[in-house]
Amino acid sequence: MSNIEISKCWASIPKLCSIFLMLISCAISSISLISPEVVRQGRKLSALVPSAPLVLEYHKGPLLTGHASINVYILWYGRFTPSQKATITDFVSSLGETNAIPNRQPSVSSWWATTQRYTDSTRKGVSGAVKIGGQASDGLYSLGKNLKRSQIALLVKGALAKRLFPPDNRGVYLVLTAADVYVERFCMNSCGFHDSIPLSKRTTILFGWVGNSGVQCPGQCAWPFAAPLYGPPTPPLIPPNGDVGVDGMIINIAAVVAGTATNPFNTGYYQGSALAPEEAVTACSGIFGKGAYPGYAGDLLVDKRSKSSYNAYGINNREFLVPGIWEPLQLAYFV
């Protein structure tokens, strides 16, 4: 296996200079993607942001394409409150929500629709349908609270062996670890990853991991809801669901699921080395709105009551902050 990392640009000082130059170019101008144009307090909030030249090369491998849904199976490892679980499941369900209310734009589903512009060799786009295929809990920490990365795959295999989940080649088995669980290389330039494992000669499944960084490293994996580890000491934003760790997980879950759909076997869309690929979302690290630059997430919506910051609406009147995603047709970041 070769884990595909989900990391934050702020965790690596050498990358800041190049990212700063890239983001400065992002701040110059924008064109609207969603119609009607969404404006709040005089600011465009859904836009394609021109950037320094960047192309995510297609490496001719399969993507999660077609009309059939992408099924997300969630394994809760450790203790999550009902509120935390509801926030995360509402986000995943929002990805494939097709009945978004027109005046509730920009939406999580319109963000996910960008992945449909990633096409395979037969010109089929990534599926626009995403749903939760099942959930299971391991609240007793069956493998302890200090996990090796290889044990994430063991947890998935164990859940399948116990028939908690069915084998599903359209599935993404997502292991989510609680705030008191440390995973190897977590907070060391890693906020999550996705990978694949063979179950048999004919069946290979896709899985991913995201941890709750609210206690261990919020400045790295839950920025901009915590002060950044590096760069300008800007004040943190208020998370839209009132939980720094979980709202940070939402950002990284978005990156993991989008990366899995557009680069499932490390032969899809990415830039750079296959050992450390920049994918649909990780290529846009640190960008959440128009005008973003290091230390500034960009122009965002602000909830009038809670003063929290967000950029997308979800189901059940939820508000979320989703990361920038590369739009392959316009060669620009979608935020």
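Quick look at the structure, then. (Residues numbered from 1 in each chain as written. Predicted model: local features only at pLDDT ≥ 70, side-chain atom pairs only at ≥ 80, totals over all residues. Heavy atoms only, no water.)

### Let's talk about the overall build of the protein
Definition in use: The way it works is that DSSP assigns letters per residue, a run of H or I at least four long becomes a helix, a run of E at least two long becomes a strand, and they are numbered from the N terminus. Buried, partly exposed and exposed residues are distinguished by accessible area as a fraction of the type maximum, computed with a 1.4 Å probe on protein chains only: under 20%, between the cut-offs, and over 50%, respectively. Here, residues are in contact when the closest pair of their heavy atoms is within 4.5 Å. To be clear on the numbers: accessible area is Shrake-Rupley with a 1.4 Å probe, and residue cover counts the displayed protein chains and nothing else.
When helices and strands are counted, the protein shows 6 helices and 20 strands. Counting every position in the protein, which comprises 335 residues, the buried fraction comes to 57%. Pairs at least 24 apart in sequence give 73% of the contacts found in the protein among residues at least 6 apart. Total accessible area computed for the protein in this model is approximately 14,100 Å², and 55% of it derives from carbon and sulfur atoms.

### Topic: the state of the cysteines
Note the following rule: Whenever a pair of cysteine sulfur atoms sits within 2.5 Å, that pair is classed as a disulfide.
For the coordinates displayed, the defined rule picks out 2 disulfides. Across a sulfur-sulfur distance of 2.0 Å, Cys187 and Cys217 are joined as a disulfide pair. On the sign convention where negative is left-handed, the bridge of Cys187 and Cys217, at about -70° about the S-S bond, is left-handed. Of this pair, Cys187 sits in the loop between β11 (182-183) and β12 (192-198) while Cys217 is found in the loop between β13 (204-211) and α5 (218-221), placing the two residues 30 residues apart along the sequence.

### Notes on the nonpolar core
As a reminder of what qualifies: In this description, a nonpolar core means a group of buried Ala, Val, Leu, Ile, Met, Phe, Trp, Tyr and Cys residues linked to one another through side-chain atoms lying within 4.5 Å.
Ranked by internal contacts, the top residues of the largest apolar core, which has 78 residues, are Phe91, Trp111, Trp112, Leu176 and Ile253. Among all residues touching Ile253, those that are not within four sequence positions of it are Ile88, Phe91, Val92, Leu174, Leu176 and Val210. Core analysis: the second largest hydrophobic core is formed by 7 residues, Ile251, Phe288, Ala297 and Leu300 among them.

### So, the pattern of salt bridges
The condition is simple: The term salt bridge refers to a pairing of a side-chain nitrogen on Lys or Arg with a carboxyl oxygen on Asp or Glu at a separation within 4 Å.
Within this structure, the stated rule accounts for 3 salt bridges. The salt bridge partner of Arg318 is Asp90, with a shortest N-O separation of 2.9 Å. Of this pair, Arg318 sits in the loop between β17 (312-313) and β18 (319-320) while Asp90 sits in helix α2 (residues 82-95), and the two are 228 residues apart along the sequence. The same class applies to Arg318 as to Asp90, namely buried. Measuring nitrogen to oxygen at the nearest pair gives 3.3 Å for the salt bridge that ties Arg117 to Glu327. Of this pair, Arg117 sits in the loop between α3 (108-112) and β8 (130-138) while Glu327 is found in strand β19 (residues 325-327), placing the two residues 210 residues apart along the sequence.

### Details of the packing of aromatic side chains
Using the following cut-off: The aromatic pairing rule takes the rings of Phe, Tyr and Trp, using the six-membered ring of Trp, and pairs them if the centres are within 6.5 Å, calling planes under 30 degrees apart stacked, those over 60 edge-to-face and the rest tilted.
All chains considered together, the criterion is met by 15 aromatic pairs. Taken together, the ring pairs connect Phe186, Phe193, Phe207 and Trp209 into an aromatic cluster.

### Describing unusual backbone geometry
The residue after Gln105, namely Pro106, is reached through a cis peptide bond having omega 5°. With respect to the element layout, Pro106 can be found in the loop between α2 and α3. Residue Trp223 is joined to Pro224 through a cis peptide bond whose omega torsion reads 15°. Here Pro224 is to be found in the loop between α5 and α6 (244-262). Notably, Lys60 is not glycine yet its phi reads approximately 75°, a positive angle. As for its placement among the helices and strands, Lys60 is situated in the loop between β6 (57-58) and β7 (70-77). A relative accessible area of 65% means that Lys60 is categorised as exposed. The backbone of Tyr141 sits at a positive phi, close to 55°, despite the residue not being glycine.

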